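What the coordinates show
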Amino acid sequence: MRAAVQHETGQDKLEVVDDIEAVGFGPGKVRIRIRATGLCHSDLSAMNGVLPQPAPFVPGHEGAGEILDVGDGVTGLAQGDRVLMCWLPACGSCPSCKRGQTHLCLAGFMNAGTPNFRRAGGDVFGFAGTGTFTEEVVVAAHCAVPIPDDVPYEIAALIGCGVTTGLGAALNTAQVEAASSVAVIGCGGVGISVIQGARACGAAQIIAVDPVPARREAALRFGATEAVAPEEFADAKARITAGEGFDYVFEVVGKSATARTAYEMTRRGGTLCVVGAGAMDDTFQVNMFELFFDEKRILPSLYGGGDVLRSYERAIALWRAGRIDLEGLITHRVRLAEINEALDQMRSGTALRTCIEI
């Protein structure tokens, strides 16, 4: 079958091959025919080594498709079911799950060290234990979440990561209050979802910050009240908050420099929410006096910071009600053979989300 493969960490191009095999099917597993997958910036981060991932590997973790087969012991899923892929499934029995912090379950991360595929040359891993840039994949049954018939595959794929991450940062982690002021640094697919989450919470002012004009324009369409380039951010703070700072600032880039900017743009007693996934050697620093004196809350948000199954249901409900726009997030559509074109579109900032139809 076909798949896009990253042979070595650091390569900027994927090779589309047709001799790969999905492996590992058996008890507790399902085989999924991928129909649509989104290109997330985390895929680029795995390719360039910012996020740790064994190679060779098949990128992709935002996917949706249909069940082809179920292994022994699998309940609640059947051949033909329409599902989205959950790259961070909850095991239900670890300490994090028992505390109700199912998004911190490590079971899904453990899957990343087990090969999902095989070629003649040896084993091939799937990014984040999944690997959706392929026609078929075998995963643990709890990675497959049934979706209603009215949810298109391409919409379900986005809910599988970017939408859930962005909405959840606003609704679950930061818990944005009505009539508050919000700034979002980084307005790709996840940042736009943060903006939509803040709007759904009733924020009065939502300032989008991004160096790419097309992304600033998109942010306004999705609910931002103003969009500025990074060099205009300080002026926006002075104009909008009388210099005090924003109630909530979301960092959706994954770099210490923008996290530091976000901290400085947050008012005393306000909330800095870190959504971007950064490198292990990139250190964010605050001094002990400002940490104590300013009493700013620094809240990391992993995968939306809440129960992912509930978050999926909420995203679908908001989409059905017209409260969030998910179709508009898909700015480009390509076939798997055009995956490198899609990578270039994301690197340049011209794409919010590219849907890869498989």
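Computed from a predicted structure; not experimentally measured.

1. Focus: the overall build of the chain
Within the chain, the secondary structure is distributed over twelve helices and 19 strands. Its C-alpha radius of gyration of 20 Å places the chain within 12% of the 21 Å reference for a compact globule of 358 residues. Projected onto its principal axes, the C-alpha coordinates of the chain cover approximately 60 × 40 × 40 Å. Of the contacts formed within the chain by residues at least 6 apart in sequence, a portion of 69% connects residues at least 24 apart. Total accessible area on the chain is roughly 14500 Å²; 51% of this is exposed by carbon and sulfur atoms. Charge centroids of the chain, computed over 31 positive and 42 negative side chains, lie 4 Å from each other.

2. Remarks on the domain arrangement of the chain
Each assigned domain of the chain is listed with its residue range as follows: domain 1 (3-161 + 306-357) and domain 2 (166-300). Each of domain 1 and domain 2 has a C-alpha centre, and these two points are 27 Å apart. In this assembly, 18 residues from domain 1 lie in contact with 21 residues from domain 2. Along the contact surface separating domain 1 from domain 2 lie zero salt bridges. If you look at where domain 1 meets domain 2, you find six residue pairs in polar contact (both at pLDDT 80 or more). Mapped by element, the contributors of at least two residues to the side of domain 1 that touches domain 2 are α11 (308-320) and α12 (339-348). When residues in the side of domain 1 that touches domain 2 are grouped by element, the largest group, three residues, is from α11. For the side of domain 1 that touches domain 2, the class distribution of residues is nine nonpolar, five polar and four charged.

3. Some points on the environment of Ser42
Checked against the element boundaries, Ser42 lands in helix α1 (residues 41-48). If we skip the residues at most four places from it in the chain, Ser42 touches Leu51, His61 and Phe127.

4. Quick word on the pairing of strand β9 (residues 122-126)
Of the strand pairs in this sheet, strand β5 (residues 57-58) and β9 are connected by two bridges, and their pairing is parallel. Each residue of the ladder has a partner; that of Val58, found in β9, is Gly126. Here strand β8 (residues 117-119) folds back onto β9 in antiparallel fashion, the turn holding two residues.

5. Details of α12
Among the residues making up α12, those that are buried are Ile339, Asn340, Ala342, Leu343, Gln345 and Met346. The secondary structure elements touched by the buried residues of α12 are β1 (3-5), β2 (15-17), α1, α7 (213-221), β18 (330-335) and β19 (353-357). Once α12 ends, the next one or two residues include Gly349, with phi positive near 85°.

6. Some remarks on the side chain of Ser311
Take Ser311: it is sitting in helix α11. Discounting residues that sit within four places of it in the chain, Ser311 has contacts with Thr164, Asn172 and Gly306.

7. Description of the environment of Arg215
Relative to the elements of secondary structure, Arg215 occurs in helix α7. Residue class for Arg215 comes out buried when judged on its relative accessible area of 14%. For the pair Arg215 and Gly188, spaced 27 residues apart in sequence, the C-alpha separation works out to 6.8 Å. If we ignore the near neighbours within four places in the chain, the residues touching Arg215 are Cys187, Gly188, Asp210, Met346, Gly349, Ala351 and Leu352. Polar side-chain contacts of Arg215 include one of 3.5 Å to the backbone oxygen of Ala351.

Analysis parameters
Residues numbered from 1 in each chain as written. Predicted model: local features only at pLDDT ≥ 70, side-chain atom pairs only at ≥ 80, totals over all residues. Heavy atoms only, no water. Helix = DSSP H or I, 4+ residues; strand = E, 2+ residues; numbered from the N terminus. Rg over C-alpha atoms; globule rule 2.2 N^0.38 Å. Contact = heavy atoms within 4.5 Å. Areas by Shrake-Rupley, 256 points an atom, 1.4 Å probe, with all protein chains shown as cover. Lys, Arg positive; Asp, Glu negative; His and termini not counted. Charge placed at Lys NZ, Arg CZ, Asp CG, Glu CD. Domains from an automatic or database assignment. Salt bridge = Lys/Arg side-chain N within 4 Å of Asp/Glu carboxyl O. Polar contact = N/O pair within 3.5 Å; in protein donor to acceptor, adjacent residues only side chain to side chain. Nonpolar A, V, L, I, M, F, W, Y, C, P; charged D, E, K, R; others polar. Pairing = 2+ DSSP bridges. Buried < 20%, exposed > 50% of the residue type's maximum accessible area, 1.4 Å probe, protein only.

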